[in-house]
Protein chains: 2
Amino acid sequence: VAVLLAAATAAAPTVQGVSAERLFDQIEALGELSDTTPPSITRVLYTENDVRARDYVKGLMRDAGLEVREDSVGNIFGRLAGEDDSLAPVVSGSHTDAIPHSGKYDGVLGVLGAIEALRAIRESGVTTRRPLEALMFASEEPTRFGLSCIGSRAMCGRLDPDYLDTLRDENGTAFYEAVTSAGRGGGHENTASILSAALIPAGGIHAFVELHIEQGPLLEQEGLDIGVVTAIAAPASVSFDFLGNGGHAGALLMPYRKDAGLAAAELSLAVESWALGTKAIDTVATTGVLQVYPGAVNSVPRESHVEVDVRDIEEKRRDHVLDMIIKSAEQIADKRQCEMKYRIVNKDPPAPCADDVVAAVQDAADDLGFKSMRMVSRAYHDALFMAQIAPTGMIFVPCKGGVSHRPDEFSSKRDMENGVRTLALAMAKLAGV
Amino acid sequence: VAVLLAAATAAAPTVQGVSAERLFDQIEALGELSDTTPPSITRVLYTENDVRARDYVKGLMRDAGLEVREDSVGNIFGRLAGEDDSLAPVVSGSHTDAIPHSGKYDGVLGVLGAIEALRAIRESGVTTRRPLEALMFASEEPTRFGLSCIGSRAMCGRLDPDYLDTLRDENGTAFYEAVTSAGRGGGHENTASILSAALIPAGGIHAFVELHIEQGPLLEQEGLDIGVVTAIAAPASVSFDFLGNGGHAGALLMPYRKDAGLAAAELSLAVESWALGTKAIDTVATTGVLQVYPGAVNSVPRESHVEVDVRDIEEKRRDHVLDMIIKSAEQIADKRQCEMKYRIVNKDPPAPCADDVVAAVQDAADDLGFKSMRMVSRAYHDALFMAQIAPTGMIFVPCKGGVSHRPDEFSSKRDMENGVRTLALAMAKLAGV
Ligand SMILES: [Mn+2]
Ligand SMILES: [Mn+2]
Ligand SMILES: [Mn+2]
Ligand SMILES: [Mn+2]
C-alpha cells in the first residue's frame, strides 16, 4: 500500500530544518506557565497562566512568519499563505491546556509542532497550493466546566449554547463570565453569539491532522517511530450526585446512616466491574472524580459527587456499559436510601479517520524512512470533532512508558522531531505543491 | 438515688435569671462569624472568623462580670471569684470551632451556656466557696490539623509537641505558624513552650462539667429534658494514603491500572463492613474524608487519601475494628498493586465520668424538676481529656432529630434553658455555698 500511495504523491517537496532543540526549549518555556510547579503542569482554560500561554503561542506563530488570528472562543490560528490563498487550508493543531498535575507534552507537542512544521516549510522555501494553518484549540481538557473540547466543538457547531450556559466551574463561574473576563468573547453579548462567531463553514477546512504523543505504550514497546491513527475511540462521561443524611460520626449509629460517600465508593467499583465485564481490552471506564461532603473525618458524608469516563472503539458496547453504570447508581441509591441525580455530560460517536489523510500521513512516514504502525486513538482529541467537518487524521509519536496526564510524561527530542517532520510532509502533500 | 443525693446537697442555692432569649441571640450572632453562609457554619481554628469569635466570647464574658484570660494555645477562661479564691475552680466549657458546613449549636451551647450560667449565679447574688470558670477550648474539631481537642489535650499534657509539629493543614501550614499568625502563642519560641505554658497543674481544676447538645435522637425520642452523661465513648482515627500509577482515562487499559481511587473506595466499604461486623450498636466507623488525585474525569486516580473514624464504648472492640481496617487496607493495596501508608492520628481511651459530678448533675436536674436519663456520649468532647486531670461530667440537652454537624442542627430555647439551669445549679453544688 505504501508504495502505491507514495507513487500517488510523488510531487512531495523536501522540508528541512525541523529543530527538536527549539521545540524542546519551547516546551520547557511553556511548562513554566503552570499553576503547579513544573514538571507538574496545571493550566486551566481562561485562567492567568492559560492567557499567558496564549500570548506565548501567538508570539511563536509570529516568529515563525505566520499571520495570527484568534476567534471569539479563543481558538488561535497561525496562517501561512498558499499559492492560491482562496482555497480552504490544511490545518494542524492541538491544545495547551493541561489538567491539574499533568505533564508538559500532551497537546503542547501538537501546537508547537504544527508551528515548527510551518516554520520549516516556509524556511525551506516551499509554497503549497493551499494555505496552511497551525491551530491552538481553546481547550481540549474538561477541567474547567466538565466538558472537553470546547474550542473544536464550537468550531464544528456541536456545542449547544444553552447547555454550555448551564455549566459552572468549581467556583460557580459560568462560561460567559469566564471567557469575557479572560478578554475573549469577541465583544459578543451572549454565549450563543460567541459560539456562532467561531463556527467554521462547510468546506472551510480542506484537511485536519493532529500530532500528539501516543499516551499509551504500544509504539515504544514495538520500537516504532510513528503511529498512523485510523480511528478515535468514542468517549462518554457522566456525573452523579448522591444525597444522604449525614451527621456526627460518633452519634449517628450505623443502622440510621444514609452514607453518600459509601454510595459513591460502591458506584466507582461498579464502574470498574462493568468495564471489565465486556471482556474487551478496548473498553475502559474510570472514576476520575470522587468527592464527599462535608469531607470531615468526624462527619458522615451527606453528599457525594462522582464523575465517570467511559470509552470504547465500539459505540454500542460503550453505550451498554454507560447504561449499566447508570442502572448500578440507581440500585446503590435505592439500597443506601440516598437521593441520586445523574447527568450525561457528553456521549460522542467514535471518529474514523479519512482515507486520504491516513494515506498522506503513512506516505510521509514512509518517505522519511520511519517505522510506523496503524493504530486506534484511545484518548480523545479535538480531532474527534474536527472529523465532523473535515477529512481528519492523527500522527502519534512514542511517549516514555506510555505515561500521560502525569508530571513524568515525556517524549524524546528524536521522537518529537520525527513527528514534526512527518507532519510537515503530510501537510505539504495534502496542500499540494 | 436522687432523693439521697438531693439530701446530701441540700444547701444548694437558688439561681435565677437564666435567659434562653439572650442565649439564642448570642448563638445567632456567633453564627454570623462563619466562612459559609449561616445556617451553614464553618469556623476553623486560628482563621479570621475564629479570631472574631474569640473576641466575641471574651466580650460576653466581660459583660457577664467575669475576669477574662487566654492561655498560650488559645483556651479562654472567664472567672467568677469564689469566697476562697485560692481553691481550685469548678470549670465548665466547650468549643466554638465548627467543621465545614455544620451548625450553630455544637460546642457553642456549652461555651455561651457556661457564661450564661455564671452570669445568672452572679446576678442571683450567689457566691460559691470555690471560684467558677467558663471556658472556651481552643478547638475541639479536628478540621485544621486532623487532630481533635488541641486545647484540652494541651491543658492536660496529652499532646506531644513533636507530633503536633509534624501535622499540616490543607495549605501546608504548621501549628506553630498558625497559632502565632493568629496572634496567639504567648510569645513562645516553639510549640513545646506553647504547650507547656497551657498545662494545668495537678489539682488545678476541682471539677469539670460540659453542657452539650446530645447529637443523637434519644432524649427527643424519650421526651426527656436532660441527659446525665456517665461515660464518653472511645474515639480513634486513622488516615490512609494510596499511591497507584495513574494515567490517561482513555489510554491506560484496565489490566494495567493501579487505581488509587478504587483502593480508597474499597477501603471505605471495608470500614463499614468491620463496624457492622461487631453486631454491636455501639460500634461506629466512618470514612469522612475520601480524596482522589489528580481528581480529573479523564485521569485514572494516581493517589488517594482516606480518613477513618472509629468509636465504641468498649475500647477493646474498638481497637479490634481499627486493626481489621488497617489489615483490609494492606490487603487492598496488595491486590491493587498500590503503595499504602497509614497513620494512627489518635486512639484515645474512653472516659468514665466521675461519680460526684454525675451525682451533682443528676441532683440539679431532679431539684429543678427535669425529666432525665443516664446516657453514654457517643460523640467525643474536650471532657474526654479533662477527665484525665479532673473529676468530669457532662449534661446533654435534646437536639432536633438527633441531627448534628449539619446546617439544620437545632436545639429549642426551652431545652437550652433547662440545660443552662441544670449546669448553673450543678456548678454551684460542686463549688459549695
Ligand atoms: Mn489530555
Ligand atoms: Mn491531548
Ligand atoms: Mn462537633
Ligand atoms: Mn462539640
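Residues numbered from 1 in each chain as written. Chains lettered and ligands numbered in written order. Predicted model: local features only at pLDDT ≥ 70, side-chain atom pairs only at ≥ 80, totals over all residues. Heavy atoms only, no water.

Asker: Is there a simple way to think about the sheet that holds strand S9 (residues 234–243) of chain A in this case?
Answerer: Residue and element names in this part refer to chain A. An order of S11-S13-S9-S14 is seen for the four strands of this open sheet, with the pairing classed as antiparallel. Every other strand in the sheet has two partners, leaving strand S11 (284–293) and strand S14 (339–347) as the edge strands with one partner each. Averaged over all pairs of adjacent strands, the angle between strand axes in this sheet comes to 15°, irrespective of strand direction. Where S11 and strand S13 (residues 303–312) come together, nine bridges link them in antiparallel fashion. Residue threonine 286 lies in a different strand from S13, and its bridge partner there is aspartate 309. Against the sheet, helix H10 (residues 260–277) engages S9, S11 and S13, with an angle of about 175° to S11. In the packing of helix H11 (residues 315–335) onto the sheet, the strands contacted are S9, S11, S13 and S14, and the crossing angle to S9 comes to about 5°. (Pairing = 2+ DSSP bridges. Helix = DSSP H or I, 4+ residues; strand = E, 2+ residues; numbered from the N terminus. Axes fitted to C-alpha atoms, helices over the stretch in contact; angles between N-to-C directions. Contact = heavy atoms within 4.5 Å.)

Asker: It is not clear to me how the domain arrangement of chain A should be interpreted in this structure. Could you clarify?
Answerer: When the parts of a complex come together, some accessible area is lost, and that lost area is often used as the size of the interface. Residue and element names in this part refer to chain A. Partitioning chain A into structural domains gives domain 1 (2–233 + 350–431) and domain 2 (235–347). The C-alpha centroid of domain 2 is placed 33 Å from the C-alpha centroid of domain 1. If you look at the interface, domain 1 gives 12 residues, while domain 2 gives 11 residues. Between domain 1 and domain 2, roughly 990 Å² of surface is buried when both sides are summed, and carbon and sulfur atoms account for 54% of that area. Linking domain 1 with domain 2 are one salt bridge, by the criterion used here. A salt bridge links arginine 378 to aspartate 282; its shortest N-O distance comes to 2.3 Å. At the boundary of domain 1 and domain 2, one finds three residue pairs in polar contact (both at pLDDT 80 or more). Here the residues of the side of domain 1 that touches domain 2 sort into nine nonpolar, one polar and two charged. (Domains from an automatic or database assignment. Buried area = accessible area lost by both parts, 1.4 Å probe. Salt bridge = Lys/Arg side-chain N within 4 Å of Asp/Glu carboxyl O. Polar contact = N/O pair within 3.5 Å; in protein donor to acceptor, adjacent residues only side chain to side chain. Nonpolar A, V, L, I, M, F, W, Y, C, P; charged D, E, K, R; others polar.)

Asker: Just checking my understanding: could you explain the interface of chain A and chain B for this structure?
Answerer: Listed per partner, the contact involves 59 residues of chain A and 59 residues of chain B. Interface area for chain A against chain B, summed over the two sides, is near 4900 Å², with a carbon-plus-sulfur share of 64%. Residue Arg336(A) pairs with Glu272(B) through a salt bridge whose shortest N-O separation is 2.8 Å. Our count for the chain A to chain B interface comes out at 14 residue pairs in polar contact (both at pLDDT 80 or more). Put simply, the parts of the chain that give the side of chain A that touches chain B at least two residues each are strand S5 (98–102), strand S10 (247–248), H10, S11, strand S12 (299–300) and S13 of chain A. Of the residues in the side of chain A that touches chain B, the class split is 29 nonpolar, 19 polar and 11 charged.

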